[in-house]
Amino acid sequence: MTRHLIACAGLAAGLFTTTALAETWNMATPYPDSTFHTENIKQFAEEISQATKGDLKITVHSNASLFKHPQIKRAVQTGQVQAGEVFMSLLGNEDAVFAADSTPFLATNYDQAKKLWEAARPHVEERLTGEKLILLYAVPWPPQGLYTSKPVDAVSDLKGRKFRAYNNTTSRLAVLTGMVPTQVEVPEIPQAFATGIVDAMITSPTTGVDSKAWDFVNYFYDIRAWIPKNMVIVNRRAFDGLSEETKQAVLNAAKAAEARGWEMSQAEAETMVQKLAENGLKVVTPSDELMTGLKAIGDQMVQEWLEATGEKGQDIITTYRK
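A few points on the structure.

Conventions used here
- Residues numbered from 1 in each chain as written.
- Predicted model: local features only at pLDDT ≥ 70, side-chain atom pairs only at ≥ 80, totals over all residues.
- Heavy atoms only, no water.
- Helix = DSSP H or I, 4+ residues; strand = E, 2+ residues; numbered from the N terminus.
- Contact = heavy atoms within 4.5 Å.
- 1 Å grid on protein atoms, 1.4 Å probe; cavity = no way out; pocket = protein on both sides within 12 Å on 5 of 7 lines; lining within 4 Å.
- Points joined across faces, edges and corners; volume = space filled by probe spheres on them.
- Nonpolar A, V, L, I, M, F, W, Y, C, P; charged D, E, K, R; others polar.
- Axes fitted to C-alpha atoms, helices over the stretch in contact; angles between N-to-C directions.
- Parallel < 35°, antiparallel > 145°, perpendicular 65-115°, else oblique.
- Left-handed = near helix turned anticlockwise from the far one by under 90°.
- Core = buried A, V, L, I, M, F, W, Y, C linked by side-chain atoms within 4.5 Å.
- Buried < 20%, exposed > 50% of the residue type's maximum accessible area, 1.4 Å probe, protein only.
- Expected span 1.5 Å × (residues − 1).
- Bend = angle between axes of the 7 residues up to and from the residue.

What follows is about the environment of Thr-207. Its place among the elements puts Thr-207 in helix α7 (residues 205-210). Taking the C-alpha atoms as reference, Thr-207 lies 28 Å from Gln-80; in sequence the two are 127 residues apart. Those residues in contact with Thr-207, other than ones at most four positions away along the chain, are Trp-141, Val-186 and Ile-189.

Structure (structure tokens):
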């Protein structure tokens, strides 16, 4: 048995203990400590420890140190860890409902993003419940921008670019714009650009700063393509094993973390774009021609998403657009 398997077995063995004694949960997140999502999670964990007087402690394993991003949901579901953070639309291949917030140009500001989340949340929770998972909270990234090494004035300028994809939506967007998608997770971004695997990406200003995008691209186009979210999930059996008082403490901390996280995201949207510029990236307002072309592709992708989700997707869109 490898060291990794031994470690995972040890984590799983301690998962379903009673709450008569102080309990420690392990939580996996794919993002570095400097990311506001991770900072928010650590505060969430601290608030739970304080509220329960140490009866429940959550150890946060950041930067994909425990599991790689695509493995986290499964690790929580199977009890290898009690809780985890996942980029929601990464799960779009399991159920397109998870990709609602990454459908291009459906929601491009925070008010719209919040309305879309309110419409989608019941369907996301229903799906997770069927997999013996509980949604604790979700927090958005800042609006997504386009990073390139060469100027882009129209969609045609993207043709042939090697594009960093991270879910089905970004892969499909790459295909529709004539780019070539390659799956690259956040910790691997600098190396992927340095070795020429990719030369363009759409991601948040936060990720751009964390990965020091100015080292490998020249332009940031503030296209505000979508406002995707991370969600924090917990294994239902682990949650059910808590006392009623501890359960309530977790739910209270989750509610506070969601509200705080949305505020943190909005603050990040302003300061991180400034940091990109301060470090030498050319922050560009996209041309009308580029935006018209991208929005046309977005309209097509909304229709494709509706076809994939059926009645659930139509309910989300109808509720969102009321």
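Back to the text.
This part is about empty space enclosed by the protein. Overall, the coordinates contain four cavities of 30 Å³ or more when judged by the stated rule. What lines the largest cavity is a set of 14 residues, and nearest its centre among them are Tyr-31, Phe-87, Arg-164, Tyr-166 and Val-186. In terms of residue class, the lining of the largest cavity is made up of seven nonpolar, five polar and two charged. As a volume, the second largest cavity reaches approximately 40 Å³. Lining the second largest cavity, in full, are Asp-101, Ala-107, Ala-113, Leu-116, Trp-117, Ile-227 and Lys-229. The element contributing the most residues to the lining of the second largest cavity is helix α4 (residues 110-130), with three residues. The residue inventory of the lining of the second largest cavity, partitioned by class, reads five nonpolar, no polar and two charged.

It is the contact of helix α5 (residues 168-177) with helix α10 (residues 288-309), at a shortest axis distance of 11 Å, that shows an interaxial angle of 130°. As the angle between them shows, α5 and α10 are arranged oblique. Note that α5 runs across α10; the crossing there is right-handed. On the side of α5, the interface is formed by Thr-169, Arg-172, Leu-173, Leu-176 and Thr-177, while α10 contributes Leu-294, Ile-297, Gln-300, Met-301 and Glu-304. Considering only residue class, the contact of α5 with α10 consists of five nonpolar, three polar and two charged.

The next thing to look at is the nonpolar core. Counting 51 residues, the largest nonpolar core has Trp-25, Phe-44, Leu-136, Tyr-137 and Ile-223 as its most contacted members. In this structure Ile-223 touches Phe-105, Gln-144, Gly-145, Leu-146, Ile-202, Pro-286, Met-291 and Leu-294, once residues within four positions along its chain are discounted. Formed by 39 residues, the second largest nonpolar core is a distinct cluster that contains Ala-138, Val-302, Trp-305 and Ile-317.

Moving on: helix α9 (residues 244-278). Compared with the 51 Å implied by 1.5 Å per residue over 35 residues, the 49 Å span of α9 between its first and last C-alpha is a close match. Helix geometry: α9 is bent most strongly at Glu-268, by close to 30°.

Time to look at the layout of surface pockets. Roughly 200 Å³ of volume is contained in the largest pocket. If you trace the largest pocket, you find 13 residues lining it, with Ala-99, Asn-168, Thr-169, Met-301 and Trp-305 closest to the centre. At the level of secondary structure, the elements contributing two or more residues to the lining of the largest pocket comprise α5 and α10. Of the residues forming the lining of the largest pocket, the biggest block, four residues, is contributed by α10. For the lining of the largest pocket, the class distribution of residues is six nonpolar, five polar and two charged.

On to the packing of α10 against helix α11 (residues 311-320). One can describe the packing of α10 onto α11 by two numbers: an axis separation of 5 Å at closest approach and a directional angle of 130°. The orientation of α10 with respect to α11, classified from their angle, is oblique. The residues of α11 that touch α10, namely those facing Trp-305, Leu-306 and Thr-309, are Glu-311, Lys-312, Gly-313, Gln-314, Ile-316 and Ile-317. Broken down by class, the residue content of the contact of α10 with α11 amounts to four nonpolar, three polar and two charged.

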